[in-house]
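Commentary on secondary and tertiary structure
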Amino acid sequence: MGITENKFNTSDNFFTTEEHGLLAVLRIKEQRGLFGDTIEQMELLWSYLERIEKSKRKLLLILMPRDFLRPEDMKEFWFLVQDVRERREAQEHTKSSWDLIRKENAFHHFAAVIRRIDTFVICAFQGETILSFLGIPLVCDYRLTTHDSRFRSCCIEAGLPPGGAFPWFLSRYVGQAFASRILYNEGDISAEQMREMGVVNRVVESENLEKAAFATAQRFAQLPTTGLIAAKRLMNATHLSLEEYLDLEEKELERCLYAARRD
């Protein structure tokens with residue numbers, strides 16, 4: 001296990017990992033660049049998440065540095081999109097095209113894994129957040145941010161669709177009315193407004209974010225694993241038809257009752 005852990009915690013990697021009993025911690029380092037910048041780095045992330053899935057770890061806490069979802073990276077992303085657009089019009093295939101595809105696929109894969117694994121995932125982030133990057137915390141099961149965090153939508157002004165599937169997630173978390181209110185808002189949206197609308201679960205002081213995140217993880221650690229994972233599975237199934245949802249609900253009930261009898 002030590003060798004595996006060292007593989008993730010090399011100095012040139014963009015994240016480090018920790019283990020605290022039932023809790024695994026994925027700590028993103030401060031860096032420039034976008035999510036999914038290099039194939040090698042993302043392969044390490046997929047390897048770590050695969051380890052979490054196989055070990056059936058109860059909790060995963062993702063700690064992001066301040067401004068990890070910052071506007072500067074959105075400008076970089078727009079520049080990349082514009083370059084790809086111009087090259088395609090000229091019928092040229094460049095590295096930018098592959099970079100864009102890789103970054104899109106990185107988010108798609110991350111979202112699929114986080115929603116699939118039977119691990120309750122908590123995300124703590126802060127600072128400036130572009131809504132097209134909000135999909136990263138929204139795929140997680142519980143979100144904390146800080147009072148001084150700000151959220152803004154810049155994609156429409158740039159002539160681009162809202163990315164990161166955040167309208168899809170927002171509509172399911174808060175309904176279409178609040179989702180459209182957030183998407184078409186003029187100016188910044190405060191963290192407290194996002195909490196009131198249900199986008200984030202908890203807002204804390206900036207200097208207290210990590211402590212609050214660990215305390216939240218400990219609270220969930222006290223809950224029965226069967227009930228916690230059943231709740232995650234059913235929350236992720238709300239897009240199904242009622243009949244399909246009720247079938248899943250019955251299966252989850254049977255699973256929880258079986259686990260209770262076995263214990």
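A short tour of the structure in this document, coming up. The shown structure was predicted, so the numbers you read here are calculated from the model rather than taken from an experiment. (Residues numbered from 1 in each chain as written. Predicted model: local features only at pLDDT ≥ 70, side-chain atom pairs only at ≥ 80, totals over all residues. Heavy atoms only, no water.)

1. Remarks on the overall build of the protein
Helices and strands together make up the secondary structure of the protein, namely 10 helices and nine strands. Split into buried and exposed, the 263 residues of the protein put 47% on the buried side. The contacts of the protein with a sequence gap of at least 6 include a subset with a gap of at least 24, amounting to 70%. Surface exposure of the protein reaches about 13,900 Å², of which carbon and sulfur atoms provide 53%. (Helix = DSSP H or I, 4+ residues; strand = E, 2+ residues; numbered from the N terminus. Buried < 20%, exposed > 50% of the residue type's maximum accessible area, 1.4 Å probe, protein only. Contact = heavy atoms within 4.5 Å. Areas by Shrake-Rupley, 256 points an atom, 1.4 Å probe, with all protein chains shown as cover.)

2. Examining helix α6 (residues 166-183)
Taking 1.5 Å per residue, 18 residues should reach 26 Å; α6 reaches only 9 Å between its end C-alpha atoms and comes up short. At V174, α6 is deflected by roughly 125°, the largest bend along its length. Those residues of α6 that fall on the buried side of the exposure criterion are F166, F169, L170, V174, A179, I182 and L183. (Expected span 1.5 Å × (residues − 1). Bend = angle between axes of the 7 residues up to and from the residue.)

3. A closer look at the sheet that holds strand β2 (residues 23-28)
Strand order in the open sheet formed by six strands is β1-β2-β3-β4-β6-β9, with mixed pairing between adjacent strands. Only two strands of the sheet have a single neighbouring strand rather than two, namely β1 (15-20) and β9 (202-204). Mean inter-strand twist for the sheet, computed between neighbouring axes without regard to direction, equals 20°. The pairing of β2 with strand β3 (residues 59-63) spans five bridges and is parallel. Note on β3: the bridge partner recorded for L23 is L59. (Pairing = 2+ DSSP bridges. Axes fitted to C-alpha atoms, helices over the stretch in contact; angles between N-to-C directions.)

4. Quick look at the packing of aromatic side chains
When we look at a pair of aromatic rings, we describe it by the centre distance and by the angle of the planes. For the coordinates displayed, the defined rule picks out eight aromatic pairs. Arranged with centres 4.4 Å apart and planes meeting at 40°, the rings of F120 and F220 form a pair that is tilted. Pair noted here: F120 is in strand β4 (residues 120-124) and F220 is in helix α8 (residues 209-221), with a separation of 100 residues, a long-range link. Each of the two residues, F120 as well as F220, counts as buried. (Phe/Tyr/Trp six-rings, centres within 6.5 Å; stacked < 30°, edge-to-face > 60°.)

5. Overview of the sheet that holds strand β8 (residues 189-190)
Either a parallel or an antiparallel arrangement is found when strands of a sheet pair, and the pairing is made through backbone hydrogen bonds. Pairing is mixed across the open sheet formed by three strands, whose spatial order is β5-β7-β8. This sheet does not close on itself; its edge strands, each paired only once, are β5 (128-130) and β8. Pairing between strand β7 (residues 150-152) and β8: two bridges, direction antiparallel. Along β8, the bridge assignment pairs F151 with I189.

6. Observations regarding the pairing of β4
Both faces of the sheet carry side chains from a regular strand, because those side chains alternate between them. β4 sits mainly inside the fold: five of its five residues count as buried. Where burial is concerned, the two faces of β4 agree: the one with F120, I122 and A124 and the one with V121 and C123 are both buried. Bridge count between β3 and β4: five bridges; the pairing is parallel. Following the sheet pairing, L59 is matched in β4 by F120. Here β4 runs beside strand β6 (residues 142-146); their pairing, made up of three bridges, is parallel. By the bridge assignment, A124 is partnered in β6 with L144.

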